[in-house]
Amino acid sequence: MERLQFEWAPAGGVPPAAGRLRFAEASDEEFLAVFRRIAEGSLDAQTRANLAAKGVDATAREEMDFYLRAPGKREWWRIAYTREGEVAGMAIPSATSYNVNIGYLGVVPEFRGRGYVDEVLAEITRLHAANGESRITATTDMGNTPMAAAFGRAGYRNTEIRINLSNDVQP
């Protein structure tokens, strides 16, 4: 699988808040519910493979557990709501031992195609920038062209293409 690596630096500019979404902290249970909803129709190859092999509940739990174990801070996480109070998606800023990153973001199926991905990505970027970060990384699958385009609109530049090899042979 080919993955695109993106990087943001202050020279790329901090995306402004459009104001169409409101971001708020939420419980683990609320985040787990949104992980489940975002998985539906995901363009992420690993999410699709996990859904086919394990189902939506196990896939959502594994994704959430991964980010709970990551070096990023849990208090950074936000659920995105429309002006009417409906869940539109979520923003999970995260980190590795080397730098901060986008972590996980997504829009629920019924709100895709409305430009909300730009607002969710901007929220994560603004949080890291407000914390004084000078470099934010992000990755997406080569085939996830909507997400790659969103990174470009938010001032991220593509810095590399990685090829992740796997052996799906079961013993």
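Summary of the structure given here. (Residues numbered from 1 in each chain as written. Predicted model: local features only at pLDDT ≥ 70, side-chain atom pairs only at ≥ 80, totals over all residues. Heavy atoms only, no water.)

1. Here we look at the environment of lysine 73
For clarity, the cut-off: Per the convention used, a helix needs a DSSP run of H or I reaching at least four residues, while a strand needs a run of E reaching at least two, with both numbered from the N terminus.
Mapping lysine 73 onto the fold places it in the loop between helix H3 (56–69) and strand E3 (78–82). Here the alpha-carbon distance between lysine 73 and alanine 11, two residues 62 residues apart in the chain, equals 25 Å.

2. Details of helix H2 (residues 45–54)
The cut-off we apply is this: Any pair of N or O atoms that falls within 3.5 Å is considered a polar contact. Within protein, one atom must be able to donate a hydrogen and the other to accept it, and sequence-neighbouring residues count only if both atoms are side-chain atoms.
Its side-chain oxygen 3.2 Å from the backbone nitrogen of glutamine 46, aspartate 44 forms the N-cap of H2. Phi for glycine 55, located one or two positions after H2, is positive at around 90°.

3. Digging into the environment of tyrosine 156
Counted only if it meets this: Any pair of residues with heavy atoms lying within 4.5 Å of one another is described as a contacting pair.
Its place among the elements puts tyrosine 156 in the loop between helix H5 (145–153) and strand E7 (157–163). Between the C-alpha atoms of tyrosine 156 and leucine 127, which are 29 residues apart in sequence, the distance is 15 Å. Not counting chain neighbours up to four residues away, the residues in contact with tyrosine 156 comprise Phe6, Glu7, Trp8, Ile102, Leu121, Thr125, Ile136, Ala138 and Phe151. In this structure the side chain of tyrosine 156 is engaged in a polar contact, spanning 2.7 Å, whose partner is the side chain of threonine 125.

4. What to know about the pairing of E3
Sheet faces and side chains relate simply in a regular strand, where the side chains alternate between the two faces. Rules: Throughout, exposure labels follow a simple rule: accessible area from a 1.4 Å probe, protein chains only, divided by the maximum for the residue type, with under 20% read as buried, over 50% as exposed, and the rest as partly exposed. Between any two strands, at least two bridges found by DSSP are needed for them to pair.
Of all the five residues making up E3, five are buried; the element is thus mostly covered by neighbouring parts of the structure. Burial along E3 is two-sided: Arg78, Ala80 and Thr82 and Ile79 and Tyr81, pointing in opposite directions, are all buried. Note: E3 against strand E4 (residues 87–95), four bridges, orientation antiparallel. Within E4, the position partnered with isoleucine 79 by the bridge is methionine 90. Two successive antiparallel strands, E3 and E4, enclose a turn made up of four residues, where glycine 85 displays a positive phi of approximately 90°.

5. Comments concerning H5
Defined as follows: It is the directions from the helix axis to the C-beta atoms that the arc portrays.
Listing the buried residues of H5 in full gives Met147, Ala148, Ala150 and Phe151. Along H5, the residues classed as buried sweep out an arc of 155° about the axis, all on the same side. Of the exposed residues in H5, the ones pointing more than 90 degrees away from its buried face are Thr145 and Arg153. Summarising the contacts, the buried residues of H5 are in contact with strand E1 (2–8), strand E5 (100–107), helix H4 (116–130) and strand E6 (136–141).

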